[in-house]
Amino acid sequence: MQIASLTASIVQIPLRREIKHASATRRESANLVVCCRLRDGTEGWGEGVPRSYVTGETPEGALEQLAATPLEEQLGRSCASWADVIQLCCGFQPRIAQPDPRGHRANALRCAVELSILDAFGRAFGQPVSELVHHYEPARALYAPQDQVRYSTTITAEGPVQERLSALKMRLYGFRQCKVKVGVAGADDAQRLRRIRFWIGRRMDLRLDANEAWQADDLPRKLEPLLRNRISCIEQPVPHHQLESLAEVRRQQAVPIMLDESLTSLQDAQRAIALDACDLFNIRLSKCGGFLASLELAALAHVSGVGYQLGCHPGETGILSAAGRHWAASVRGIRYLEGSYDRHLLRELVTCEDVTFGYGGRAPALRRPGLGVTIVPDVLARLKTSETTWRWGQS
Ligand SMILES: [Mg+2]
């Protein structure tokens, strides 16, 4: 079985509400959606969320990278097994025009293309994408299929009334873990957290994400009033360029540190481990270059004694939600799981299936072939702003 064509589209996904954190505010998400068509007509779908402040990518730039990549040479081979498909995906190396010292300047593109390939071949093989985890050598020790996963929730920077409501809603909905976005200019985080802790209840596992808002030398002073609210972890408290200083501050702090913006690639992960800069990685499929690259990061974390969560980008559609579900339902030891916000965050679904989590953040493993979701063509056609197709072979 061979790939006949790739079609890449930029889609503008409208969100139900404004999402605000320390480094961005958005009401819609510009995503890259890729369709991989096999010779027999089987279609697979993939998605990436290029964010310039995370991996330096833009949706338009991703299309340029794809146009400059010798696709037939890299993706033209025939695949008869997951081992072949893994090899094919590993051989996909987008052309990157700029210097790329962190090895992440095409990660969202890699993710979108790779997921479309995995979905297409999964459908052709009649197997769910999660099947490939135990075929991927670096991740074999992590393989632990589960019937159900449980998502964590997030409270973004909102007004006091809305925050109180959100906290109460999260508690009543039965979540066990909640992340609070902190570090937004003008917000009194100490007061916010006291209020959120009160309304969300004593039992909720509460953690913070500062999205690079603070400075390393100021970190103990920023954290001290917040940690009184029983905080289990702080994510990316300082900008990436302060990673070495963060490693020093971490030695004097009891609260575990998670890296997100500083964890985009294998190079990033190896450096963070060498510096002993963190306790946890926030792995996100799009940010980290796809399903396989994310497995590799989790495997490295696992052998290095670093914990990991699977995170998401707000604005991911059901394609990335489904991919995250397959990943989470087949990997052991995930500390926190984020994603599958679909119905709660998207104004309309681009997938026929609604993969939004249910009560308590619970959601079942997906068992259908490929990613297990199908695209609604009309919705996708309405939301896309550009589309390019590359064909090769005899199609
Ligand atoms: Mg984060």
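Predicted model, so just to flag it, every value in this text is computed and none were measured.

Sorry, what's going on with the sheet that holds strand β9 (residues 257–259) here?
Remark on secondary structure: sheet strands pair via backbone hydrogen bonds, oriented parallel or antiparallel. What the eight strands build is an open sheet, ordered β5-β6-β7-β8-β9-β10-β11-β12; its pairing is parallel. For this open sheet the edge positions go to β5 (153–155) and β12 (334–337), each flanked by a neighbour on one side alone. Within the sheet, the average angular offset between the axes of one strand and its neighbour, ignoring direction, is 25°. Where β5 meets strand β6 (residues 177–181), three bridges bridge the pair, whose relative direction is parallel. Note that in β6 the partner of Thr 153 across the bridge is Cys 178.

Could you clarify how one ought to interpret the domain arrangement of the chain in this entry?
Size of an interface: often given as the accessible area lost when the parts come together. Domains assigned within the chain are domain 1 (3–126 + 374–391) and domain 2 (138–364). Relative placement of domain 1 and domain 2: their C-alpha centres are 24 Å apart. Contacts between the two partners involve 42 residues from domain 1 and, on the opposite side, 45 residues from domain 2. Here domain 1 packs against domain 2, burying approximately 3,600 Å² in sum over the two surfaces, 59% of which is carbon and sulfur. Area buried by domain 1 at its contact with domain 2 is led by Arg 16, Glu 47 and Arg 102, which between them contribute 18% of it. Taken together, the connections running from domain 1 to domain 2 amount to three salt bridges. Arg 382 serves as the salt-bridge partner of Glu 348, at 2.7 Å between the closest nitrogen and oxygen. Listed by contribution, the elements that provide at least two residues to the side of domain 1 that touches domain 2 are β1 (3–21), β2 (24–38), β3 (43–48), α1 (52–55), α4 (82–90), α5 (107–125) and α14 (377–383). Considering each element in turn, the side of domain 1 that touches domain 2 owes the most residues, eight residues, to β1.

Just to check I follow, could you spell out helix α7 (residues 189–200) for this structure?
For an α-helix the count is 3.6 residues per turn, leaving residues at separations of three or four pointing the same way. Here α7 spans 16 Å end to end across 12 residues, near enough to the 16 Å set by a 1.5 Å rise per residue. Those residues of α7 lying buried are Asp 189, Ala 190, Arg 192, Leu 193, Arg 195, Ile 196, Arg 197 and Ile 200. Where α7 is buried, its residues touch β5, α6 (160–172), β6, β7 (205–209) and β8 (231–235). Where α7 begins, the capping side chain belongs to Asp 188, and its oxygen is found 3.3 Å from the backbone nitrogen of Ala 190. Just beyond α7, the residue with positive phi is Gly 201, at close to 95°.

Can you walk me through the state of the cysteines in this structure?
A covalent bond between the sulfur atoms of two cysteines is what we call a disulfide. Counted according to the given criterion, the structure contains zero disulfides. The thiol sulfur of Cys 178 is not disulfide-bonded, and the nearest other cysteine sulfur, from Cys 233, lies at 13 Å. No disulfide involves Cys 233; its sulfur sits 9.8 Å from the nearest other cysteine sulfur, which is in Cys 278. Residue Cys 233 is classed as buried on the basis of its relative accessible area of 0%.

The rules behind these values
- Residues numbered from 1 in each chain as written.
- Predicted model: local features only at pLDDT ≥ 70, side-chain atom pairs only at ≥ 80, totals over all residues.
- Heavy atoms only, no water.
- Pairing = 2+ DSSP bridges.
- Helix = DSSP H or I, 4+ residues; strand = E, 2+ residues; numbered from the N terminus.
- Axes fitted to C-alpha atoms, helices over the stretch in contact; angles between N-to-C directions.
- Domains from an automatic or database assignment.
- Contact = heavy atoms within 4.5 Å.
- Buried area = accessible area lost by both parts, 1.4 Å probe.
- Salt bridge = Lys/Arg side-chain N within 4 Å of Asp/Glu carboxyl O.
- Expected span 1.5 Å × (residues − 1).
- Buried < 20%, exposed > 50% of the residue type's maximum accessible area, 1.4 Å probe, protein only.
- Polar contact = N/O pair within 3.5 Å; in protein donor to acceptor, adjacent residues only side chain to side chain.
- Disulfide = S-S within 2.5 Å.

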